[in-house]
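Below, each chain spelled out in residue letters.
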Amino acid sequence: MTQPFQAHETPGLFQVLRPVSTEEILAMARKLIQRRFARGKALTTPALTREFLMLELALLEREVFYCLFLDNRHRVITAECCFQGTIDGAMVYPRELVKRALALNAKALILAHNHPSGLAEPSQADRAITRRLIEALGLVEVKVLDHFIIGGAEQFSFAEHGLL
């Protein structure tokens, strides 16, 4: 596979091309995706959400629990890592997530976490914490729209599999 090239301006001369590293390509892709999910942007399709989450979570070596906090029209308020864990798990505290949702005045959430193993199938613990979060957030009228699991190039959506 040939390496993509990026043009660089040289003062007073023509453009010089140089190979672009994988890290630079990923960084550029992250910037483009983050622009799509800037505050106030609506999440219009699961595919857009999946793209964003895969770029954010797919290459992480430790498990993290990530949330997209949304307003009443499902526009992004913020996207952030709420909990960090180890190579095979992250502790998620419903109370802390409820507090954060209320502080941001969120009306809905999309949950996500990664599986550094590369397998995106939900475990029993994944299913249990999803139910607990739906119940806890429901008490304060915050709806969970989906829970994505990102395992490298694989992904799993609780909503698409009828598990919400």
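What counts and how
- Residues numbered from 1 in each chain as written.
- Predicted model: local features only at pLDDT ≥ 70, side-chain atom pairs only at ≥ 80, totals over all residues.
- Heavy atoms only, no water.
- Helix = DSSP H or I, 4+ residues; strand = E, 2+ residues; numbered from the N terminus.
- Buried < 20%, exposed > 50% of the residue type's maximum accessible area, 1.4 Å probe, protein only.
- Contact = heavy atoms within 4.5 Å.
- Areas by Shrake-Rupley, 256 points an atom, 1.4 Å probe, with all protein chains shown as cover.
- Polar contact = N/O pair within 3.5 Å; in protein donor to acceptor, adjacent residues only side chain to side chain.
- Core = buried A, V, L, I, M, F, W, Y, C linked by side-chain atoms within 4.5 Å.
- Expected span 1.5 Å × (residues − 1).
- Pairing = 2+ DSSP bridges.

A count of helical and extended segments in the chain gives four helices and seven strands. For the chain, the sequential pattern of α-helices and β-strands runs β-β-α-α-β-β-α-β-α-β-β. In the chain, which comprises 164 residues, the proportion classed as buried is 37%. Look at the contacts in the chain between residues 6 or more apart in sequence, and 59% of them connect residues 24 or more apart. Carbon and sulfur atoms make up 56% of the accessible area of the chain, which amounts to about 9900 Å² in all.

Looking at where Asn114 falls in the secondary structure, it is placed in strand 5 (residues 108–114). From its side chain, Asn114 meets the backbone oxygen of Arg62 in a polar contact 3.0 Å long. A polar side-chain atom of Asn114 sits 2.6 Å from the main-chain amide nitrogen of Val64. Among all residues touching Asn114, those that are not within four sequence positions of it are Leu57, Leu60, Arg62, Glu63, Val64 and Ile150.

Of all hydrophobic cores here, the largest spans 19 residues; its most connected members are Phe65, Phe69, Leu97, Leu109, Leu111, Leu133 and Leu137. Only strand 3 (64–70), strand 4 (76–84), helix 3 (94–103), strand 5 and helix 4 (124–138) provide two or more residues apiece to this core. Of the residues forming this core, the biggest block, four residues, is contributed by helix 4. Leave out the neighbours within four places in its chain, and Leu133 touches Phe65, Val92, Pro94, Leu97, Leu111, Gly138 and Val144.

Moving on, we come to helix 2 (residues 46–57). End to end, helix 2 covers 16 Å across 12 residues, agreeing with the expected 16 Å (1.5 Å per residue, within 8%). All of the buried residues in helix 2 are Thr49, Arg50, Phe52, Leu53, Leu55, Glu56 and Leu57.

Moving on, we get to the pairing of strand 7 (residues 154–157). The pairing of strand 6 (residues 143–151) with strand 7 spans four bridges and is antiparallel. Bridge assignment links Ile150 to a residue of strand 7, and that residue is Gln155. What sits between strand 6 and strand 7 in their antiparallel hairpin is a turn of two residues, with Gly152 showing a positive phi close to 60°.

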